[in-house]
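# Survey of secondary and tertiary structure
Now for the letters of each chain:
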Amino acid sequence: MAQEIDLATQKITGQKIDSLLTIAATAIENNDYNTSAQIMTRARILAEKTNNKGRIGLASSALSRLYLLTGNIEKAKEENNLAIKMQEGSEDHQENNLGQSYITAAKIELLQRNYPKASEYLEKAEETLESLGRPELLSKVYLNQGTIALIKNNPQKAGELFDLAIKKAEKTDDGGGKFLIAKSNIQKAEVLLLQKKIDEASNTIKITQDISISENYPTLLSESYRVSSRIAKEQNDIAKAYEHIMLYNTYTDQNRKNKEEEIVIQQFKEDKVLSAQLKEEIEIERARARDTNRLTTVLTIAMITILSLLILSLYKNNNLRTKANELLQAKNTELIVAKDNAEKASMVKAQFLSTITHELRTPMYAVTGLTHLLLSENPTPEQKKHLDSLKFSGEYLLSLINNILDLNKLEANKVEVEQTAFNLKKRIEDVLFALGKSAKDKGNKLNFEFDQDIPEEVLGDPLMISQILINLVGNAVKFTRDGTVDVRVQKIKQTDSETYLHFEVEDSGEGISKKKQKNIFQNFTQGSVAINRKFGGTGLGLSIVKNLLDLLGSKVELESTLGKGSKFSFDIKYNLTKQAAGEEANPHNIIYDIDYVALENRTILVVEDNKINQMITRKILEKNKMLCDVADNGEIAVEKARNQNFDLILMDIHMPGISGIEATEQIRLFDKEIPILALTAVTIDENIDEFHEAGFNDIIPKPYKVEEFFQKIHNGLKQAKVFN
């Protein structure tokens, strides 16, 4: 009899636990995570009292997924370990629940980057679920296994696993199957993109987008636009790539807003519950009041009246305050909307410029590197002349990329002005030589007047004067036909340490109206739409000239008449070199303190996935008698660093599989001393802290000057005490 009572009690308790878990699940759907956690905890306590291991495991498993949802990884792991322990030791049939707990454990290990442990849990889940006919859980297993294969740079295996995940999800009757199909197709598209199967990737990501729109999966839709933007870029459809990255940001922001709205709605629901509870308590008090004497009733009524008057007074006061602040709140709302729109625009611009900067710098590295190699292979005088012009144009284009793609930095005066000895006359002649063919094609004559009293060498920034003149002379050539372009440089005055020079660029071209002269130096501005269509251009040239001269402490003056031509003029102060100042000259003109002999026979590991860049970097190193080995990706680099001895590692950042940052972090686990230099085309200013935290000793931006390249390598080896 007692045993029957115990069984009945356990049955009732079990039903109560199941009921509590159902209520907790409803609370999660309403985003009421705190209430859900409290109810689940009560359910587990009841299960522990009856020593029901199956339901203890069920409650702990639910708690684990809740903690994972709210970002509390450690608590999620603790609860899930308890769930697995209970479910493995339960006499009930717990295979379904145990399989789900194994999947949750794998997700936690994935978040903590413990890929071997995650794989182990997924294998257990697959083994447990294989015979149960639960395709939606097996689909999750294959989806996570495919993610690990992709991380381990095995796209072939990853693709096969994502296909298995899709097949299992298609056998699922509920809406969760469609979600898994859409999510698996995103991952499959990533694999096809890595395999350069661009058209298949495009068709695959379209499946995800169609499902996400029809089933209202905003998070998956947002992620699909990020992938389809990369696909469009591979298809050279820049407009579509830009459109989809903007859609990605728009949906990401909308998801955040929806979350905020859900929180507000939940707060409103909680207020309604509180109101209902308060009403119930008042009714109870009224029932009790009817059983008391009249005096208590009178006092109660009096108290209620006083409280009502007080509430009414507070209500009126609040209304008056609300009306007084109404205008201010409206203005604040307008300002917040304007601020949000500005931040969105700035974020989209920053992402777009960062991507384009990387894409432009990578081919520029090949141009400048190959030019340097050709110059070092004894070209003929005529070839050397053309290679010098190519080198000059490459340096100018690199500087132009850096400044045009980061106008905010230029306008904020964050560009540093170098102080380097250079031949000013030759620099200007290089500009004119580079523009000579364009001038000849338009029937123009280039004239150059250079004051003979100007010192042969000055101290300053050679790239800045090249940028200024190539923009001004380039504009003059572009807007002049069958005319002349005059470039004049005159010395104004000179002291023992400084020389003051006056520059003029005058043409006989179109000319600029007085009205247009007022805003011609603004970004993206040209004389008119007709001029833009006739001559082309971005309208950035004169803006860059103005900003560069501001950095040099000067300003540009303009004199122009429509139909007669224009004249731009400015003054620049240069410091004098010791030779120009009458002191003993440096016969070797050494700028970089590099002991090239000490670099000979040093072993360098070059980590680079681009074959052209591999070849260029290797040839530059071997020209200096250095020993070079190459790794095509981060995983190979880690293994080579573990098993071979190198003096220094040059590490690319963007690579398939693990990135250069992840590879460096792994190397630092077993080798703290070896110098590792980031050789990268990414925007350095935004990533410098991340590079140093990962364990990089220094950063070499691509493309680079060869002297700066060897200077950084020399410093890295010297600091590591490879040589004194």
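The structure we're discussing is the one just above.
Remember, predicted model here, so these are calculated numbers, not experimental data. (Residues numbered from 1 in each chain as written. Predicted model: local features only at pLDDT ≥ 70, side-chain atom pairs only at ≥ 80, totals over all residues. Heavy atoms only, no water.)

Let us look at the overall build of the protein chain. Within the protein chain, the secondary structure is distributed over 26 helices and 12 strands. Put simply, the protein chain has 724 residues, and 41% of those count as buried. In the protein chain, the proportion of contacts linking residues at least 24 apart, taken out of those at least 6 apart, comes to 68%. Carbon and sulfur atoms form 51% of the exposed surface of the protein chain, whose accessible area is close to 40,700 Å². (Helix = DSSP H or I, 4+ residues; strand = E, 2+ residues; numbered from the N terminus. Buried < 20%, exposed > 50% of the residue type's maximum accessible area, 1.4 Å probe, protein only. Contact = heavy atoms within 4.5 Å. Areas by Shrake-Rupley, 256 points an atom, 1.4 Å probe, with all protein chains shown as cover.)

Our next topic: the packing of aromatic side chains. In the structure shown here, the tally under the stated rule is eight aromatic pairs. Here the aromatic rings of F179 and Y217 are separated by 5.1 Å at their centres, their planes lie at 80°, and the arrangement is edge-to-face. Of the two residues, F179 is situated in helix α9 (residues 175–194) and Y217 in the loop between α10 (198–215) and α11 (218–234); the sequence distance between them amounts to 38 residues. Of the residues examined, F179 reaches a relative accessible area of 33% and is grouped as partly exposed. On the numbers, 5.9 Å between centres and 80° between planes, the contact of F422 with Y574 is edge-to-face. Placement of the pair is F422 in strand β1 (residues 420–423) and Y574 in strand β7 (residues 565–576), with a sequence separation of 152 residues. What makes F422 buried here is its relative accessible area of 7%. Taken together, Y596, F709 and F710 form an aromatic cluster joined through their ring pairs. The ring centre of Y500 lies 4.7 Å from the NZ or CZ of K493, which sits over that ring. (Phe/Tyr/Trp six-rings, centres within 6.5 Å; stacked < 30°, edge-to-face > 60°. Lys NZ or Arg CZ within 6 Å of the ring centre and 35° of its normal.)

Attention now goes to the pattern of salt bridges. In total, this model carries 27 salt bridges according to the counting rule given. Taking the shortest distance from any N to any O, the salt bridge between K196 and E234 comes out at 3.8 Å. Of the two residues, K196 is situated in the loop between α9 and α10 and E234 in helix α11; the sequence distance between them amounts to 38 residues. Given a relative accessible area of 56%, K196 falls into the exposed group. Classification of E234 by relative accessible area gives partly exposed; the value is 37%. Between R642 and E639 there is a salt bridge, with the nearest N and O atoms lying 4.0 Å from each other. Taken together, the residues R642 and E639, both in helix α23 (residues 634–643) and three residues apart, mark about one turn of the helix. Here R642 falls in the partly exposed class, since its relative accessible area comes to 46%. (Salt bridge = Lys/Arg side-chain N within 4 Å of Asp/Glu carboxyl O.)

Our focus in this paragraph is the sheet that holds strand β11 (residues 676–680). One open sheet holds the five strands; their spatial order is β9-β8-β10-β11-β12, and the pairing between them is parallel. The open sheet terminates on both sides in strands that have one partner only, identified here as β9 (627–631) and β12 (698–701). Here the average twist between neighbouring strands, direction ignored, is 25°. Contacts from helix α24 (residues 660–670) reach β10 (648–651) and β11, with the element oriented near 155° to β10. Against the sheet, helix α26 (residues 706–719) touches β10, β11 and β12, its axis set at about 135° to β10. (Pairing = 2+ DSSP bridges. Axes fitted to C-alpha atoms, helices over the stretch in contact; angles between N-to-C directions.)

Moving on: the side chain of T204. Mapped onto the elements, T204 comes out in helix α10. The exposure class of T204 is buried, given its relative accessible area of 8%. Beyond its immediate chain neighbours, meaning those up to four positions away, T204 contacts N185, K188, A189 and L192.

What follows deals with helix α3 (residues 53–69). Owing to its 3.6 residues per turn, the α-helix brings residues three or four apart onto one side. Helix length check: α3 (17 residues) gives 24 Å between terminal C-alpha atoms against 24 Å at 1.5 Å per residue, within 8%. Within α3, 12 of the 17 residues are buried, which leaves the element mostly enclosed by the surrounding structure. Taken as a whole, α3 has its buried residues at G54, I56, G57, A59, S60, S61, A62, L63, S64, L66, Y67 and L68. (Expected span 1.5 Å × (residues − 1).)

The end-to-end C-alpha distance of α10 is 26 Å, a good match for the 26 Å that 18 residues give at a rise of 1.5 Å each. Of the positions making up α10, those classed as buried are I198, A201, T204, I205, T208, Q209, I211 and S212. All buried residues of α10 lie within an arc of 165° about the axis, which places them on one face of the element. Across α10 from its buried face, at more than 90 degrees, point the exposed residues D199, N203, I213 and S214. Backbone geometry just after α10 places N216 at a positive phi near 60°. (Arc of directions from axis to C-beta.)

This brings us to the packing of α3 against helix α4 (residues 73–88). Put simply, α3 and α4 touch, their axes get as near as 7 Å, and they point 160° apart. In terms of their interaxial angle, α3 and α4 are classed as roughly antiparallel. Like other packed secondary-structure pairs, α3 and α4 cross with a definite hand, here left-handed. Listed contacts from α4 to K53, I56, G57, L58, S60, S61, L63, S64, Y67 and L68 of α3 are I73, K75, A76, E79, N80, L82, A83, M86 and Q87. Here the residues of the contact of α3 with α4 are counted per class, giving 10 nonpolar, six polar and three charged. (Parallel < 35°, antiparallel > 145°, perpendicular 65-115°, else oblique. Left-handed = near helix turned anticlockwise from the far one by under 90°. Nonpolar A, V, L, I, M, F, W, Y, C, P; charged D, E, K, R; others polar.)

So, on to a nonpolar patch on the surface. Taken together, M303, L307, L310, I311 and L314 make up a surface patch of nonpolar side chains, about 510 Å² in accessible area. Within the secondary structure layout, L310 lies in helix α13 (residues 294–375). What makes L310 partly exposed here is its relative accessible area of 49%. (Patch = residues over 30% accessible without salt bridge, like charges linked within 9 Å, V, L, I, M, F, W, Y side chains within 5 Å.)

To continue, consider the pairing of strand β3 (residues 457–460). Consecutive residues of a regular strand have side chains that alternate between opposite faces of the sheet. Of the two faces of β3, only one is covered, namely that formed by V458 and G460; the face formed by E457 and L459 stays uncovered. Pairing between β1 and β3: four bridges, direction antiparallel. Along β3, the bridge assignment pairs F422 with V458. In this structure, β3 lies alongside β7, joined through two bridges in antiparallel fashion. By the bridge assignment, L459 is partnered in β7 with N575.

With that settled, the discussion passes to the pairing of strand β5 (residues 498–507). Of all 10 residues in β5, eight are buried, a share of seventy percent or more. As paired strands, strand β4 (residues 484–494) and β5 are joined by nine bridges and run antiparallel to one another. Bridge assignment links K491 to a residue of β5, and that residue is L501. Of the strand pairs in this sheet, β5 and β7 are connected by nine bridges, and their pairing is antiparallel.

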